[in-house]
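Next come the chains, spelled out residue by residue.
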Amino acid sequence: MQQAVADQDNLFKSLLNTVATTQFGQDHHLESVNTPEEFRQAVPIRDYEQLKPWIEQVKEGKHNILWKGKPIYFAKTSGTTSGVKYIPITKDSIPNHINTARNALLCYMAESGNSAFADGNMIFLSGSPELERVGGVPTGRLSGIVNHHIPSYLRKNQLPTYETNCIDDWETKLDKIVQETMNRNMTLISGIPPWMQMYFDRLQELSGKKISELFPDFSVMVHGGVNFDPYRARLFESIGREVATIETFPASEGFFAFQDSQNAEGLLLNTNSGIWFEFVPAAEIFSENPTRLGLHEVKVGENYALLINSNAGLWSYNLGDTVKFVSLDPYRIIVSGRIKHFISAFGEHVIGEEVEYSLMKAATEAGVHITEFTVAPLISQDKGKSYHEWFVEFGSEPENMEAFTLLVNNNLRAKNIYYDDLIKGNILLPLRITRVRKNGFIDYMKSVGKLGGQNKVPRLSNDRKLAEALGPWTE
């Protein structure tokens, strides 16, 4: 924490020394590069599609393309824009994935004094650990790959069984997980919040009990992938009491940050784990020559697109995530959204963090539970008839839907001045809420083959594709 900037400087030098000897390094003349400024001149910002020519060479079995040698794995992920992505994981980068999860648990143990959970059963809701081979490289979902590296001191307490983890169909797998865990002493449960909620719902249906009655020693919930706040109230209601939560920020491309304290806002940036970070002001990310900042140049409260350079062989790689720093001593962030997940049909540029805040504040004030939601613009050719349509699945509904809708709208107006101006100027009507029936989002995800794993519903779309696809499940 105290050496973050120095660690980033050292990482830059060591990464540069290695990549300069690779095909990518030769293609970008990195042998003559010495400073971050020179590196930024030599290496443009790229997303997966733009890095694909080099990844294709790695998939063909070639050596020393993006990093020395060959990757030990490909993490296979279905991108929203790129179809299937094959993200290299190298011998040098695998510790980033394994050790960061360990460090998050150790920080919690050190701060809370609770180490008893390590003696009980732990569940990691993950993808299948069965791997295929692509170009001779073992390939599968990141969570399945990581499953092979769970340390032996945790392995003896890990559930579900390997055989159950290998089941591809999410609902079949979930039923089996419930069978295997129902009568065990579960102390830690880890996964993305919507799928943990499905697990809890299934347990309650079968047992008629709250989760805390089934698992009296359950004390730690590890989560990541989506903002926890929209799921918090319902998860704790299912459990029957609050438990400690540890938030993480992992992806196939790397493990970037983790909650190191129960008492401080934000996630500690992983500044000494094989990744050299760059930060681009979010409004500039699609500019021809965007500002690219190092860690020592960032400011609190600014919205940045996150770029990574890593010992997995990803260079000036645009993850598509945006972050904000909430502290510079130490460097702690919150994940504020996705670059491509925003609404700006009228120049309002509403982002994920703003819609989540607006809905959850209203839900707290009105005493209602939100199961899931997404937002899309409805553009009318008639002047002053366009609006944002919010598709919301309620766990418990507001007594007065009209008043609740106005509350959400006013929260968003207070959070985003451009949206407020458009409402004031009668360019946009106040937002409208369309109810999604119980389990509607789950049924939609099932219909598009994205149930389970790390798949999640986008909070925001700048078009109507998802809105129209949800049609059969709206009320």
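Structure shown above.
What counts, and at which threshold
- Residues numbered from 1 in each chain as written.
- Predicted model: local features only at pLDDT ≥ 70, side-chain atom pairs only at ≥ 80, totals over all residues.
- Heavy atoms only, no water.
- Salt bridge = Lys/Arg side-chain N within 4 Å of Asp/Glu carboxyl O.
- Helix = DSSP H or I, 4+ residues; strand = E, 2+ residues; numbered from the N terminus.
- Buried < 20%, exposed > 50% of the residue type's maximum accessible area, 1.4 Å probe, protein only.
- Pairing = 2+ DSSP bridges.
- Axes fitted to C-alpha atoms, helices over the stretch in contact; angles between N-to-C directions.
- Contact = heavy atoms within 4.5 Å.
- Polar contact = N/O pair within 3.5 Å; in protein donor to acceptor, adjacent residues only side chain to side chain.
- Parallel < 35°, antiparallel > 145°, perpendicular 65-115°, else oblique.
- Left-handed = near helix turned anticlockwise from the far one by under 90°.

Caption draft 1: Fine view of the pattern of salt bridges. Taken as a whole and assessed by the stated rule, the structure comprises 23 salt bridges. Between Asp201 and Arg234 there is a salt bridge, with the nearest N and O atoms lying 2.9 Å from each other. With Asp201 in helix α10 (residues 193-207) and Arg234 in helix α12 (residues 229-239), the pair connects residues that are 33 residues apart, well separated along the chain. Asp201 gets classed as buried once you look at its relative accessible area, which sits at 18%. Between Glu356 and Arg459 there is a salt bridge, and its shortest N-O distance comes to 2.9 Å. Linking Glu356 in helix α13 (residues 352-366) with Arg459 in the loop between α16 (440-447) and α17 (465-469), this pair joins segments that are 103 residues apart in sequence. The buried category is assigned to Arg459, whose relative accessible area is 9%. Each of the salt bridges in this network shares a partner with another, and the network as a whole consists of Glu171, Asp175, Arg202 and Lys446.

Caption draft 2: Structural view of the sheet that holds strand β20 (residues 432-435). Pairing is mixed across the open sheet formed by three strands, whose spatial order is β18-β19-β20. Looking at the sheet topology across the chains shown, the edges are occupied by β18 (369-378) and β20. The average undirected angle you get between the axes of adjacent strands in this sheet is 30°. The pairing of β18 with strand β19 (residues 387-396) spans nine bridges and is antiparallel. Looking at the pairing, Phe373 lines up with Val392 of β19.

Caption draft 3: Main features of the environment of Glu180. Within the secondary structure layout, Glu180 lies in helix α9 (residues 170-181). In this structure, the C-alpha to C-alpha distance between Glu180 and Ser14, residues 166 residues apart in sequence, is 46 Å. Glu180 has contacts with Leu159, Pro160, Thr161 and Thr164, leaving out every residue within four places of it along the chain. Engagement of the side chain of Glu180 in a polar contact is seen with the side chain of Thr164, the distance being 2.5 Å.

Caption draft 4: A look at the sheet that holds strand β11 (residues 267-269). Taken together, the 11 strands give an open sheet; going across it, the order is β6-β3-β7-β8-β9-β10-β11-β15-β14-β13-β12, and neighbouring strands pair in mixed fashion. Where the open sheet ends on each side, the last strands, each with one partner, are β6 (158-159) and β12 (275-281). Bridge analysis of strand β10 (residues 254-258) against β11 gives two bridges, and the strand direction is antiparallel. Along β11, the bridge assignment pairs Ala257 with Leu269. Where helix α1 (residues 4-19) meets the sheet, its contacts fall on β12, β13 (303-310) and β15 (331-338), and the angle it forms with β12 comes to roughly 110°.

Caption draft 5: Local environment of the packing of α9 against α10. α10 packs onto α9 with a crossing angle of 60° between their chain directions and a minimal axis gap of 10 Å. Comparing their axes, α10 and α9 come out oblique. Crossing angle aside, the handedness with which α9 passes α10 is right-handed. Residues Trp170, Glu171, Leu174, Asp175, Ile177, Val178 and Thr181 of α9 pack against Trp195, Met198, Tyr199, Arg202, Leu203 and Leu206 of α10.

Caption draft 6: Layout of the pairing of strand β14 (residues 317-328). Most of β14 is tucked away, with 10 of its 12 residues classed as buried. Bridge count for β13 against β14 is five bridges, and the pairing is antiparallel. Looking at β14, one finds that Leu307 is bridged to Asn318. Adjacent in sequence and paired antiparallel, β13 and β14 are bridged by six residues, among which Gly313 carries a positive phi angle near 95°. Bridge analysis of β14 against β15 gives seven bridges, and the strand direction is antiparallel. Note on β15: the bridge partner recorded for Lys324 is Ile334. Following β14, the chain reverses through two residues before pairing antiparallel with β15.

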